[in-house]
Amino acid sequence: MKKLTVDYSKTFINLDEKEILSMQEEINLCHDALHGKTGEGAFFTGWLNLPNEYDKAEMERVKKAAKKIQENSEVLVVIGIGGSYLGAKAAIDILSESFLNDRKGMPEIIFAGNSISSTYLNKVYNYVKDKDFSVNVISKSGTTTEPAIAFRLFKELLEEKYGKNGAKDRIFATTDKSRGALKAMAEKEGYETFIIPDDVGGRYSVLTPVGMLPIAVCGVDIDEIMEGAKAAFNDYLRPDLKSNDCYKYAACRNALYRKGKTTEIMVNYEPSFMFFAEWWKQLYGESEGKGKKGLFPASALFSTDLHSIGQYIQDGLRIMFETVINIDLSEADMSIKEDADNLDNLNYLAGKSIDYINKKAFWGAVLAHNDGGVPAIIINVPQVSPYYFGYMVYFFEKACAISGYMLGVNPFDQPGVEAYKNNMFALLGKPGYENEKEILKKRL
Ligand code: PA5
């Protein structure tokens, strides 16, 4: 199988190869800290060996549960937020058919509990209420408010429709093995439960049942995903910057950051990768944005966004660089035909494939943005498949951990997420937050 490759030659407007390779010593230290489990947050590095050490019996249970859901449900409502939904959403968008009718009777996947929008919840509720549906509720802590609210609504609806026992058969809980309200509820009610390993944090959990159950329900081969992750595990075992493309990416983005390129834009040319960028943004944003430092992760879908924020990238503040995902071999293609009238003046493209044109747009944008002072790291992915999805997940997870260590932050915690929760709890009058409520009320 071909490897994913990183081309950093289009960063040479700000860097040169020598500069990147001179970071080898720093990379070695970060690699040793990660693999030796001596770095900050070392307890949460269970994802590192996951492609080799994942619980095979648990994965078989995931496949069995997926089959059962495929057989008895038109819809699977996946309830989770942040790391408990973005990976599955990314995989499903990339790997399953775009249009419902092409999905050959597979259940439709609807995500909920990733916001507190009453409008959205109402719409999902009304959409599923007369359909056969199941619920996969996912929360590592088991106490997150957004999914807890959604779960209460859909659990009640399932119980109304199917009775308590029937509902129990349609609820699948993915959570911690012993802690949290969701675990306690699952035990009491007898839901089938899948475990998120203790040492795998939310945003590093897509290769656990968190991602695997919803993905398997779509008919995607999850063994292939794990195979791809395992290949990446093997490819990135040695820290040598010349051969380790994952570390090349980590070094390059840090080198650019140190030169004032503080915003990284992930650019995709495939619309189905929109949520892959969302997953990446969460992974990098929550891992690195700490202690008043960190690269700001943004995303753009080209060529769509070349007609919107493309202007800013070309000509706005010079604080950014691009990380462009290039899919070498497109999944499907078609060609432009000769037209006798040529009223649209497109005959110069006759015989060319759409993907060929897309690739020219890609190079045109990379070079134009280079001319505008925006360097680009190009990540070449051989093709779109479950194998390469798993490979990319592992690539970005490992690069994130190494990058975080290079920045000098703990890439495995997220203390900043608590601030809004505390305010929300106080404003909602949650017991224990009485003092904060009074203080906040004066500020409103
Ligand atoms: O990466 C993380 O840890 C977070 O984004 C969590 O995934 C998110 O906050 C959801 O947490 P939980 O799974 O505990 O409900």
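This section reports on the structure supplied with the text. No experiment lies behind these values; they were computed from the predicted model shown.

1. Brief notes about the overall build of the protein chain
Along the backbone of the protein chain there are 17 helices and 10 strands. Since a compact globule built from 444 residues should have a radius of gyration of about 22 Å, the 23 Å found for the protein chain is in line with a globular shape. By the burial criterion, 52% of the 444 residues in the protein chain qualify as buried. Split by element, the accessible area of the protein chain, about 20,200 Å² in all, is 53% carbon and sulfur. Side-chain charges of the protein chain comprise 53 positive and 61 negative groups, with the mean position of each set lying 5 Å from the other.

2. Structural notes on unusual backbone geometry
For residues other than glycine, phi is negative in most cases, and the peptide bonds are mostly trans. Cis geometry marks the peptide bond from Phe302 to Ser303, where omega comes out at 5 degrees. Position of Ser303 relative to the elements: it lies in the loop between strand S8 (296-301) and helix H13 (310-315). Its identity as a non-glycine residue notwithstanding, Lys292 has a phi of 60 degrees, on the positive side. Residue position: Lys292 is located in the loop between helix H12 (274-288) and S8. On the basis of relative accessibility, which here comes to 87%, the residue Lys292 falls in the exposed class.

3. Quick look at the pairing of strand S9 (residues 320-329)
The element S9 is extensively covered by neighbouring structure, given that 8 of its 10 residues are classed as buried. Of the pairings in the sheet, the one linking strand S7 (residues 263-268) to S9 comprises 6 bridges and is parallel in character. In the sheet register, Asn268 faces S9, and the bridge partner there is Ile325. By the bridge criterion, 7 bridges tie S9 to strand S10 (residues 376-383) in an arrangement that is parallel. Residue pairing for S10: Ile325 is matched across the bridge by Ile379. Between S9 and its parallel partner S10, the chain crosses via helix H14 (residues 354-371), and the hand of that crossover is right-handed.

4. Focus on the packing of helix H16 (residues 418-428) against helix H17 (residues 434-443)
It is the contact of H16 with H17, at a shortest axis distance of 8 Å, that shows an interaxial angle of 95 degrees. Viewed along their axes, H16 and H17 adopt a mutual orientation that is roughly perpendicular. Side by side, H16 and H17 meet where Asn423, Ala426 and Leu427 of the first sit next to Glu436, Lys437 and Leu440 of the second. A breakdown of the residues in the contact of H16 with H17 according to their chemical character gives 3 nonpolar, 1 polar and 2 charged.

5. Concerning the nonpolar core
Membership of the largest hydrophobic core comes to 100 residues, with the highest contact counts inside it found for Tyr249, Phe276, Trp279, Ile379, Phe389 and Phe396. Ranked by residue count, the leading element in this core is helix H15 (residues 386-407), at 16 residues. Those residues in contact with Tyr249 that lie beyond four places of it in its chain are Val6, Glu264, Trp280, Tyr284, Thr323, Ile377, Ile379, Phe395, Phe396 and Ala399.

6. Thoughts on the site of the ligand
As a matter of local geometry, the ligand sits amid 13 residues, with Ser84, Ser139, Ser141, Thr144 and Gln282 nearest to it. Residue Glu286 places a side-chain N or O atom 3.0 Å away from an oxygen atom belonging to the ligand. Of the residues that constitute the shell around the ligand, the class distribution is 1 nonpolar, 9 polar and 3 charged.

7. Here's the deal with empty space enclosed by the protein
Within the structure shown, the criterion is met by 2 cavities of 30 Å³ or more. The volume enclosed by the largest cavity comes to roughly 100 Å³. As for the largest cavity, its lining consists of Tyr269, Glu270, Ile325, Asn326, Ile327, Ser330, Asp355, Asn358, Lys359 and Phe362. Counting residues per element, the lining of the largest cavity draws most heavily on H14, which supplies 4 residues. When grouped by side-chain class, the residues that make up the lining of the largest cavity number 4 nonpolar, 3 polar and 3 charged.

8. As for the pairing of strand S4 (residues 133-139)
Most of S4 is tucked away: 7 of the 7 residues are buried. The alternating pattern of S4 places Phe133, Val135, Val137 and Ser139 on one face and Ser134, Asn136 and Ile138 on the opposite face, and all of these are buried. As paired elements, strand S2 (residues 75-79) and S4 share 5 bridges and run parallel to each other. Across the sheet, Leu76 pairs through a bridge with Ser134, a residue of S4. Examined bridge by bridge, S4 and strand S5 (residues 171-175) share 5 bridges and lie parallel to one another. Across the sheet, Asn136 pairs through a bridge with Phe172, a residue of S5. Note that the unit made of S4, helix H7 (residues 145-168) and S5 has a crossover that is right-handed.

9. A look at the side chain of Thr11
Note on placement: Thr11 falls in the loop between strand S1 (5-7) and helix H1 (17-21). The buried category is assigned to Thr11, whose relative accessible area is 0%. A polar contact of 2.6 Å, which involves the side chain of Thr11, links it to the backbone oxygen of Tyr8. Leaving out residues up to four positions away in the same chain, Thr11 has contacts with Ile20, Cys252, Leu256, Pro375, Ala376 and Ile377.

Analysis parameters
- Residues numbered from 1 in each chain as written.
- Predicted model: local features only at pLDDT ≥ 70, side-chain atom pairs only at ≥ 80, totals over all residues.
- Heavy atoms only, no water.
- Helix = DSSP H or I, 4+ residues; strand = E, 2+ residues; numbered from the N terminus.
- Rg over C-alpha atoms; globule rule 2.2 N^0.38 Å.
- Buried < 20%, exposed > 50% of the residue type's maximum accessible area, 1.4 Å probe, protein only.
- Areas by Shrake-Rupley, 256 points an atom, 1.4 Å probe, with all protein chains shown as cover.
- Lys, Arg positive; Asp, Glu negative; His and termini not counted.
- Charge placed at Lys NZ, Arg CZ, Asp CG, Glu CD.
- Pairing = 2+ DSSP bridges.
- Right-handed = clockwise from strand over helix to strand, strands pointing away.
- Axes fitted to C-alpha atoms, helices over the stretch in contact; angles between N-to-C directions.
- Parallel < 35°, antiparallel > 145°, perpendicular 65-115°, else oblique.
- Contact = heavy atoms within 4.5 Å.
- Nonpolar A, V, L, I, M, F, W, Y, C, P; charged D, E, K, R; others polar.
- Core = buried A, V, L, I, M, F, W, Y, C linked by side-chain atoms within 4.5 Å.
- Near = heavy atom within 4 Å.
- Polar contact = N/O pair within 3.5 Å; in protein donor to acceptor, adjacent residues only side chain to side chain.
- 1 Å grid on protein atoms, 1.4 Å probe; cavity = no way out; pocket = protein on both sides within 12 Å on 5 of 7 lines; lining within 4 Å.
- Points joined across faces, edges and corners; volume = space filled by probe spheres on them.

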